[in-house]
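One-letter residues, chain by chain:
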Protein chains: 2
Amino acid sequence: MPRAKSSSRTELVDNALKTFWTTGYHVVSMGDLVRETGVSRGGIYSDFAGKEALFHACLHRYQDRVVTPVFAQVEAEGAGLEAIRGYLDRLLARFEANQGFGIGCLVLNTLAQIAPEDQQTRALLDQHITRLATGFRNALTNEAATAGGLDENELQALTEFTLISIHGLWSFSRTTADVTLLRQYCEIFLDLLQTRLHSPQAQAR
Amino acid sequence: MPRAKSSSRTELVDNALKTFWTTGYHVVSMGDLVRETGVSRGGIYSDFAGKEALFHACLHRYQDRVVTPVFAQVEAEGAGLEAIRGYLDRLLARFEANQGFGIGCLVLNTLAQIAPEDQQTRALLDQHITRLATGFRNALTNEAATAGGLDENELQALTEFTLISIHGLWSFSRTTADVTLLRQYCEIFLDLLQTRLHSPQAQAR
DNA sequence: CTTGTTTTGGAATGATCGTTCTTTTAGCAT
DNA sequence: ATGCTAAAAGAACGATCATTCCAAAACAAG
């Protein structure tokens, strides 16, 4: 009969996630992971095929533990612009909770440092980005519907605009300790969405 | 009497820059650099203290060879919104010239993957971001002056907004091969700047 | 307590890293 | 041509990497 594991393996992934997130995949060594997780080399390799497999597990855990809590409301049925505002508020609160420079988003950090030939990891990152895009499109579509609706092209453009803005927010959060700047950005961004969604004539070019 | 070097060392840095840019600092090995630059290990170490010193030289070269050609017009005296539009056009043209996913900006890529304790590299990256911020503020200030002027706070907010938008553009360019999306984003972004700079009443909250 | 099984901690391993060093090659002055 | 000097090439080095393996500890069952 299998014995219960003394240290739950959810902790292993949680601690590995934190280490990968703050330090970056390539910089983290197995020795670092052993030290930070408190699990021996044998223990890690008994549950994961290797460093990369553990990292992939961390990417999934990141989705569940980090992304879902702040993003689920945007994905919810009936979500609108208020849901997007709430998402940004939660991001800003998270930025504020940390001191000093931010550590950014694990997915976007990884995207900037994976080897070009690492298709498997890239696929996982693409999944994350697709998830965000789908969520934002959901909220934007709902919001536009309350104001008479927008054509598909404009909706797609606003979805991409939102996605790119979020990329910028995460990227820039790594360079500043001043959350006020990020908050100002979010205000301008939300104003723009509000205008584009509710005053479609304003977007004529 | 010293002999003239057979292969100019500007080529060494140029080729190393390309390698670091496409592959990322930590993934690139000295063996890769030897192969990609055509310069032997001895040759590299005779000119640079090590891998990190060579990389720092590449960051400087990146400024001269990549950033300055597309950004100098924004930094020029009298630059305005047109200069920012031109900068974006040159970025988009660069995206379009490449096929497949983009490789992003060397500075922003590096920012996402340096070890937390690498203060020296971080300082170089901060210099780049400060340069961009200063350039954008220059152009935005000039442009606002033609329309009656904006207060310092609003100008600062627009500068940061521009900076964050550029971060988003570079980051997202790594995830898509469709330059049309990036172009749409730029259009919306420029519209926003135009509105904020020339219709200050629109920004009342 | 004893036995059988599982997990653990860390030594061992082969590969690869950044760096150094030695040998070979090539250029210039005499 | 010859001797001198400096650069080029890559072999060699120690350190460190991810991974494997094994002996010892910890637990469950009898």
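Owing to the predicted nature of the structure, the values given are computational and were not obtained by experimental measurement.

Cut-offs applied
Residues numbered from 1 in each chain as written. Chains lettered and ligands numbered in written order. Predicted model: local features only at pLDDT ≥ 70, side-chain atom pairs only at ≥ 80, totals over all residues. Heavy atoms only, no water. pLDDT = per-residue confidence, 0-100. Contact = heavy atoms within 4.5 Å. Phe/Tyr/Trp six-rings, centres within 6.5 Å; stacked < 30°, edge-to-face > 60°. Helix = DSSP H or I, 4+ residues; strand = E, 2+ residues; numbered from the N terminus. Buried < 20%, exposed > 50% of the residue type's maximum accessible area, 1.4 Å probe, protein only. Least-squares fit on C-alpha atoms with pLDDT ≥ 70 in both. Buried area = accessible area lost by both parts, 1.4 Å probe. Salt bridge = Lys/Arg side-chain N within 4 Å of Asp/Glu carboxyl O. Polar contact = N/O pair within 3.5 Å; in protein donor to acceptor, adjacent residues only side chain to side chain. Arc of directions from axis to C-beta. Axes fitted to C-alpha atoms, helices over the stretch in contact; angles between N-to-C directions. Parallel < 35°, antiparallel > 145°, perpendicular 65-115°, else oblique. Left-handed = near helix turned anticlockwise from the far one by under 90°. Nonpolar A, V, L, I, M, F, W, Y, C, P; charged D, E, K, R; others polar. Lys, Arg positive; Asp, Glu negative; His and termini not counted.

**Quick notes on the confidence of the model for chain A**
Turning to step 1, where the next piece is worked out: Confidence along chain A averages 91 in pLDDT terms, with 93% of residues attaining 70 or more.
Turning to step 2, where the next piece is worked out: For the stretch residues 1–7 of chain A, pLDDT sits under 50, and the model shows two contacts to residues farther than four places along the chain or on other chains.

**Focus: the packing of aromatic side chains**
Both the distance between ring centres and the angle between the ring planes are used here to describe each pair of aromatic rings.
Residues and elements named next belong to chain A.
Turning to step 1, where the next piece is worked out: Applying the stated criterion across every chain yields a total of 20 aromatic pairs over all chains.
Turning to step 2, where the next piece is worked out: A centroid spacing of 5.2 Å and a plane angle of 80 degrees characterise the contact between Phe71 and Phe136, whose relative ring orientation is edge-to-face. Taken together, the residues Phe71 in helix α4 (residues 51–75) and Phe136 in helix α7 (residues 119–145) connect sequence positions 65 residues apart.
Turning to step 3, where the next piece is worked out: The exposure class assigned to Phe71 is buried, which follows from its relative accessible area of 0%.
Turning to step 4, where the next piece is worked out: An angle of 65 degrees between the planes, with centres 5.8 Å apart, marks the rings of Tyr87 and Phe136 as edge-to-face.

**Considerations on the relation of the copies chain B and chain A**
Turning to step 1, where the next piece is worked out: Each copy superposes on the other: chain B lies on chain A with an RMSD of 0.0 Å after a rotation of 180 degrees and an axial shift of 0.0 Å. Such a turn and shift between the copies fits a two-fold axis. Residues of chain B ranked by C-alpha distance from the rotation axis are headed by Gly168(B), positioned 1.7 Å from it.
Turning to step 2, where the next piece is worked out: Interface residue correspondence from chain B to chain A reaches 100%, placing this contact among same-surface, isologous pairings.

**Side note on the interface of chain B and chain A**
Turning to step 1, where the next piece is worked out: Every contact between the two is made by 38 residues of chain B and, on the other side, 38 residues of chain A.
Turning to step 2, where the next piece is worked out: Taken over both partners, the interface formed by chain B and chain A buries close to 3,700 Å², and the fraction arising from carbon and sulfur atoms is 64%.
Turning to step 3, where the next piece is worked out: On the chain B side of the interface with chain A, the three residues burying the most area are Ile164(B), Phe172(B) and Ile188(B), jointly 17% of the side's total.
Turning to step 4, where the next piece is worked out: Among the ionic pairs, Asp191(A) bridges to Arg196(B), the shortest N-O distance being 3.4 Å.
Turning to step 5, where the next piece is worked out: Here chain B and chain A share eight residue pairs in polar contact (both at pLDDT 80 or more) between them.

**Brief notes about helix α2 (residues 30–37) of chain B**
Residue and element names in this part refer to chain B.
Turning to step 1, where the next piece is worked out: Regarding α2, the residues found buried are Met30, Leu33 and Thr37. Relative to the axis of α2, the buried residues are bounded by an arc of 55 degrees and lie together on one face.
Turning to step 2, where the next piece is worked out: In this structure, the buried side of α2 is in contact with α1 (9–23), α3 (41–47) and α4 (51–75).
Turning to step 3, where the next piece is worked out: Positive phi shows up at Gly38, right after α2, with a value of about 75 degrees.

**A few points about the packing of helix α1 (residues 9–23) of chain A against helix α2 (residues 30–37) of chain A**
All names here are of chain A.
Turning to step 1, where the next piece is worked out: Interaxial distance between α1 and α2 falls to 9 Å at its minimum, and their mutual angle equals 125 degrees. As the angle between them shows, α1 and α2 are arranged oblique. Where α1 crosses over α2, the two elements pack in a sense that is right-handed. Between α1 and α2, the contacting residues are Leu12, Asn15, Ala16, Thr19 and Phe20 on the first element and Leu33, Glu36 and Thr37 on the second.
Turning to step 2, where the next piece is worked out: Here the contact of α1 with α2 is built from residues that sort into four nonpolar, three polar and one charged.

**What about the side chain of Glu143(B)?**
Turning to step 1, where the next piece is worked out: As for its position among the elements, Glu143(B) is in helix α7 (residues 119–145).
Turning to step 2, where the next piece is worked out: No salt bridge forms around the buried Glu143(B); measuring N to O, its nearest opposite-charge neighbour Arg85(B) is 9.6 Å away.

**Observations concerning the pattern of salt bridges**
If charged atoms from side chains of opposite charge come close, those side chains can pair.
Residues and elements named next belong to chain A.
Turning to step 1, where the next piece is worked out: Under the criterion given, the structure shown has 19 salt bridges over all chains.
Turning to step 2, where the next piece is worked out: For Arg35, the salt bridge goes to Glu36, with nearest N and O atoms at 2.8 Å.
Turning to step 3, where the next piece is worked out: Accessibility expressed as a relative area gives 54% for Arg35, which makes it exposed.
Turning to step 4, where the next piece is worked out: Note that Glu96 is salt-bridged to Arg183, the shortest N-O span being 3.0 Å. Taken as a pair, Glu96 in helix α5 (residues 81–97) and Arg183 in helix α9 (residues 179–198) lie far apart in primary sequence, 87 residues in all.
Turning to step 5, where the next piece is worked out: For Glu96, a relative accessible area of 47% corresponds to the partly exposed category.

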